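Survey of secondary and tertiary structure
If you want the building blocks of each chain, they are given just below.
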There are 2 protein chains.
Amino acid sequence: MTRPNPISGFPEWLPAQQMVEQTFIDRVRSVYELYGFAPIETRAVEPLDQLLRKGGDTDKEIYVIRRLHADDGDDGNADTLGLHFDLTVPFARYVLENAGKLQFPFRRYQIQKAWRGERPQEGRYREFRQADADVVNADQLPFHYDAEMALVFAEALRALPIPPYEIRVNNRKVCEGFYRGLGLRDPLAAMRAIDKLLKIGPEKVAGLLTETAGATDAQAEACLKLADISAADGSFADRVRALGVSDPLLDVGLDELAQVLESAAAHVPGVVLADLKIARGLDYYTGTVYEAFLKDRPTITIGSGGRYDNLASAGETRYPGVGISIGITRLLGLLGGFEVTRSVPTAVLVALPNEAARTGSDRIAAALRARGIATEVAPEPAKYGKQIKFADRRGIPYVWFPGEPDTVKDIRSGDQVEADAASWTPPVEDLRPQITGA
Amino acid sequence: MTRPNPISGFPEWLPAQQMVEQTFIDRVRSVYELYGFAPIETRAVEPLDQLLRKGGDTDKEIYVIRRLHADDGDDGNADTLGLHFDLTVPFARYVLENAGKLQFPFRRYQIQKAWRGERPQEGRYREFRQADADVVNADQLPFHYDAEMALVFAEALRALPIPPYEIRVNNRKVCEGFYRGLGLRDPLAAMRAIDKLLKIGPEKVAGLLTETAGATDAQAEACLKLADISAADGSFADRVRALGVSDPLLDVGLDELAQVLESAAAHVPGVVLADLKIARGLDYYTGTVYEAFLKDRPTITIGSGGRYDNLASAGETRYPGVGISIGITRLLGLLGGFEVTRSVPTAVLVALPNEAARTGSDRIAAALRARGIATEVAPEPAKYGKQIKFADRRGIPYVWFPGEPDTVKDIRSGDQVEADAASWTPPVEDLRPQITGA
């Protein structure tokens, strides 16, 4: 076999970077659990018709799967299956499927991969991991959860070793109410046009607003003025009102958005701001929408979410929800390789004086592992200099020399001390690999 | 939308069982890391031709993926892609692809899902999670790793809350040498027949041996006699020799198998035994093979692995390896629902005296979370009895009542004490949900 090549859009990491991803996952999971979200996982596949129905924008490229030796007779699933493109649509299905067995309001987190057959580019992958948290209720979901999810979002990001970020929040009721108040007939088309603002700029969006949302030039201009408003405090509402448009839904939206900002200012000051151009591409959002960015990369979303009142319903019962999603793969891709103190979990390499001594070295390793210290035994009884080099190349900080007595050497400082495998412990910062920088 | 139905072979758990799966994953990962295995993940897909080439037995049903809106022009990957059916084949490819950047011997673990379009039945899923650990080297991999992997296997299983299990070990050199010594021309066909022993019984296997491996009745009988040998110590070798077949490869195999047993007897007594009917279906194993079972379910493998000397090579360089794989999904499926102390991570529910007091309850929750105590605030200012019931239904052990002073109630015992959110801590066993039984 010749050396295989990567497949574009399907990223894979070397072990050190994988440890970084694992750290990201562990920390986000820990924050979600501190807020009482319970884990679930959904299967990778959903019926294709469901994916298509919930996909909203049709650029979303769905991967369909089929068995290579498919044979209609023996396949129990007549319906075509596709790989899920996010975790929200499967979650909505899971809630309906298990509604009788869940406690509502139901808080769940879900950290899984998703797939989209989009053209790979910066920040866009065909396979990527997301870390979602959502709360859903039967019938009605109180608005205070919209404020809470902004805090969960901020705290999850704060737990990560990433550069400064901000969470921009809007409320679709503000946009829809404003567009309606302006006299636009198709507020959803207007929102889709505004959603492209960061990508194509105001002139082209104005064109889209007239073409796809039937706006006059003056209406398009008003839409762009609304989208231009952002603020870290409640002042955004006055600026919206100064545009002279009024509508009952607009008032509800402004009030909700103000509540999210107030709560964020109290609990996570400086992270959350109102930004009225945030629209989110997906049709299922009905109120609050969140979008997170690294401050120095303001055009690439690192996480997003929002309120969806109509994603799932069965018979008379609706299951409204609000949630967030952090793009783990995208964040890692944007930040590039991290530096870590070592490329293996191993804290101690037990040296091997000769092959006959392997049982003794194995026993030392077992004693250290029994106390939670990750340990390997040297692969072969090479000269000690070579065994030390083996540790050094991997960043393993300690080499243990069996003897009378045993000694352990910190190969970074050269310090070597007598040690007993039943009691010696490395400093806590050496116990596991540490991320030292991006 | 009407209530959706599960898709056969694609299992999903309720949150409590998902927490159990997460515990399984965390514990296996922890053991793998204690042995110095570094994490990697591979993409879910591999080029179909690679999957077919490495698949070995052709019953393995591969899922092919294609983009719904595929269009030859804009698809960068001309080759068809399939979902991986195990983690060993992708790992071998990963090693070749990254050989220049890895340190050998390379120890990695990988905990991911895999997919097989097989007919679902007990223990067989179409989507399932495996937890693998392997060590590979360039050119030669010393045999002592075969002994070490048996220990890793035993310790990983020991870390799990499962009923008594055993790891049955064989060595393909024993079988191949014995079959050769017997005069059989196609030892691989004989191994494949023996591999079916647990499923179809000795009579049918004898038939297969004569039909597919060209064995005479006497040869088939000798093969079955070999397969019948098992032992917890080195006595298996004498029993093999008593069958009167000799071959140099047989001697090598017996010696290797004895080494694995000796090491296991020293480090993990009572778990590993020699069982000469263990053959493993996959063609790529070349020496040691492992297969783990729950003692009361001796026909369903819960994990397996082995030595593969020829799975990966590039130009002149071979990358021999030895590894194990624990069937996480299968184990959970076999053991059925576990009992856990609660269905949410939440340790404390902060009660809500009235909606205006939400900020105060939020602050208490934030103070508890800051010290690692998973906390939720009650969804609405219902009567306290109803709020306690909310906690009780989820198994949340403590309800916190804001007041002057605050108090916290253990709702299991009814004990209620004054408490300060800046310092109160629950007993460690209440901090996280615990698995109490299968």
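Reading the values: the criteria
- Residues numbered from 1 in each chain as written.
- Chains lettered and ligands numbered in written order.
- Predicted model: local features only at pLDDT ≥ 70, side-chain atom pairs only at ≥ 80, totals over all residues.
- Heavy atoms only, no water.
- Helix = DSSP H or I, 4+ residues; strand = E, 2+ residues; numbered from the N terminus.
- Buried < 20%, exposed > 50% of the residue type's maximum accessible area, 1.4 Å probe, protein only.
- Contact = heavy atoms within 4.5 Å.
- Pairing = 2+ DSSP bridges.
- Buried area = accessible area lost by both parts, 1.4 Å probe.
- Salt bridge = Lys/Arg side-chain N within 4 Å of Asp/Glu carboxyl O.
- Polar contact = N/O pair within 3.5 Å; in protein donor to acceptor, adjacent residues only side chain to side chain.
- Nonpolar A, V, L, I, M, F, W, Y, C, P; charged D, E, K, R; others polar.
- Expected span 1.5 Å × (residues − 1).
- Axes fitted to C-alpha atoms, helices over the stretch in contact; angles between N-to-C directions.
- Parallel < 35°, antiparallel > 145°, perpendicular 65-115°, else oblique.
- Left-handed = near helix turned anticlockwise from the far one by under 90°.
- pLDDT = per-residue confidence, 0-100.
- Least-squares fit on C-alpha atoms with pLDDT ≥ 70 in both.

The next thing to look at is the environment of A:Gln103. For A:Gln103, the position within the fold is in the loop between helix H3 (88-98) and strand E5 (106-115). We classify A:Gln103 as partly exposed; its relative accessible area is 26%. For the pair A:Gln103 and A:Val408, spaced 305 residues apart in sequence, the C-alpha to C-alpha distance is 53 Å. When near neighbours in sequence (up to four residues on either side) are disregarded, A:Gln103 contacts B:Arg393 and B:Arg394.

A word on the pairing of strand E18 (residues 398-401) of chain A. Residue and element names in this part refer to chain A. Here E18 shows a buried face lined by Tyr398 and Trp400 and a second buried face lined by Val399 and Phe401. Note: E18 against strand E19 (residues 407-410), four bridges, orientation antiparallel. When the sheet's bridge partners are listed, tryptophan 400 is paired in E19 with valine 408.

Turning to the sheet that holds strand E5 (residues 106-115) of chain B, a few remarks are in order. The nine strands lie next to each other as E1-E5-E6-E14-E11-E10-E7-E9-E8 (chain B), forming an open sheet whose pairing is mixed. Of all the strands in the sheet, just strand E1 (38-39) and strand E8 (230-231) of chain B have a single pairing partner and so form its edges.

Further remarks concern the interface of chain A and chain B. Facing 98 residues of chain A, the contacting portion of chain B comprises 97 residues. Taken together, both faces of the contact between chain A and chain B bury some 8500 Å²; the carbon and sulfur share is 55%. One salt bridge in this structure joins B:Arg93 and A:Glu12, with 2.8 Å as the shortest N-O distance. Our count for the contact surface shared by chain A and chain B stands at 38 residue pairs in polar contact (both at pLDDT 80 or more). With eight residues, helix H1 (residues 15-34) of chain A is the single largest residue contributor to the side of chain A that touches chain B. Among the residues making up the side of chain A that touches chain B, the classes are represented as 43 nonpolar, 22 polar and 33 charged. Of the strand pairs in this sheet, strand E3 (residues 63-67) of chain A and strand E3 (residues 63-67) of chain B are connected by five bridges, and their pairing is antiparallel. Its bridge partner being in E3(B), A:Tyr63 is matched across the sheet by B:Arg67.

Next up on the list: H1(A). Along an α-helix, residues three or four positions apart point the same way, because every turn accommodates 3.6 residues. All names here are of chain A. Helix length check: H1, at 20 residues, gives a terminal C-alpha distance of 28 Å against a target of 28 Å (1.5 Å per residue), a fit within 8%. Buried residues dominate H1, accounting for 15 of its 20 residues. Downstream of H1 by a residue or two, glycine 36 has a phi angle that is positive, lying close to 85°.

All names here are of chain B. Between helix H7 (residues 197-212) and helix H8 (residues 217-227), whose axes approach to 7 Å, the crossing angle comes to 155°. As far as their axial angle goes, H8 and H7 are roughly antiparallel. Two packed elements cross with a definite hand, and for H7 against H8 that hand is right-handed. Here Leu197, Pro202, Val205, Ala206, Leu209 and Thr210 of H7 lie close against H8, whose contacting residues are Asp217, Ala220, Cys223, Leu224 and Ala227. Each residue belonging to the contact of H7 with H8 can be placed in one class, and the counts come to nine nonpolar, one polar and one charged.

Turning to the pattern of salt bridges, a few remarks are in order. Throughout the structure, instances matching the rule amount to 59 salt bridges over all chains. Note that B:Arg124 and B:Glu118 form a salt bridge whose closest N and O atoms lie 3.4 Å from each other. Take B:Arg124: its relative accessible area is 25%, and that puts it in the partly exposed class. B:Arg307 serves as the salt-bridge partner of B:Asp309, at 3.1 Å between the closest nitrogen and oxygen. Like B:Asp309, the residue B:Arg307 is buried in the burial classification. Here the salt bridges do not stand alone but share partners, grouping A:Glu12, B:Arg43, B:Glu46, B:Arg93 and B:Glu97 into one network.

Residue and element names in this part refer to chain B. Two numbers describe how helix H5 (residues 172-182) lies on helix H6 (residues 187-194): the axes approach to 9 Å, and their chain directions differ by 120°. Taken as axis vectors, H5 and H6 run oblique relative to one another. Taken as a pair, H5 and H6 cross one another with a handedness that is right-handed. Along the contact surface, H5 presents Arg172, Cys175, Glu176, Tyr179 and Arg180, while H6 presents Pro187, Leu188, Ala190, Met191 and Ile194. Its residues placed into classes, the contact of H5 with H6 shows seven nonpolar, no polar and three charged.

Turning to unusual backbone geometry, a few remarks are in order. The omega angle of the peptide bond from A:Glu404 to A:Pro405 is 0°, so this bond is cis rather than trans. Its location among the elements puts A:Pro405 in the loop between E18 and E19. A cis amide bond links B:Phe104 to the next residue, B:Pro105, at an omega of -5°. Mapped onto the fold, B:Pro105 is located in the loop between helix H3 (88-98) and E5. Positive phi is not limited to glycine here, since A:Asp139 has a value of about 75°.

The subject of this paragraph is the sheet that holds strand E17 (residues 375-377) of chain B. In sheet architecture, strand pairing relies on hydrogen bonds along the backbone and comes in two forms, parallel and antiparallel. All names here are of chain B. The strand order E17-E16-E18-E19-E20 describes an open sheet built from five strands, whose pairing is mixed. Pairing within the sheet leaves two strands with one partner each, and these edge strands are E17 and strand E20 (416-418). Here the strands of the sheet are splayed against their neighbours by 25° on average, with no regard to which way each runs. Pairing between strand E19 (residues 407-410) and E20: three bridges, direction antiparallel. Residue pairing for E20: valine 408 is matched across the bridge by valine 417.

Right, let's talk about the side chain of B:Asp410 for a bit. Residue and element names in this part refer to chain B. Within the element layout of this structure, aspartate 410 appears in strand E19. Aspartate 410 gets classed as buried once you look at its relative accessible area, which sits at 14%. Polar side-chain contacts of aspartate 410 include one of 2.9 Å to the backbone nitrogen of arginine 412. Leave out the neighbours within four places in its chain, and aspartate 410 touches Pro397, Tyr398 and Asp415.

All names here are of chain A. Averaged over every residue, the pLDDT of chain A is 93; the share at 70 or more is 96%. Note on residues 73-77: pLDDT is under 50 here. Beyond four places in sequence and across chains, it has seven contacts. In the model output, the complex is listed with pTM 0.95 alongside ipTM 0.94.

Take the relation of the copies chain A and chain B next. Rotating chain A by 180° about the axis while translating it 0.0 Å along that axis superimposes it on chain B, leaving an RMSD of 0.0 Å. The superposition operator between the copies reduces to a two-fold rotation axis. Using C-alpha coordinates, one finds that chain A approaches the rotation axis most closely at A:Ile65, a distance of 2.2 Å. Looking at chain A, 99% of its interface residues are interface residues in chain B too, so the copies touch through the same face.

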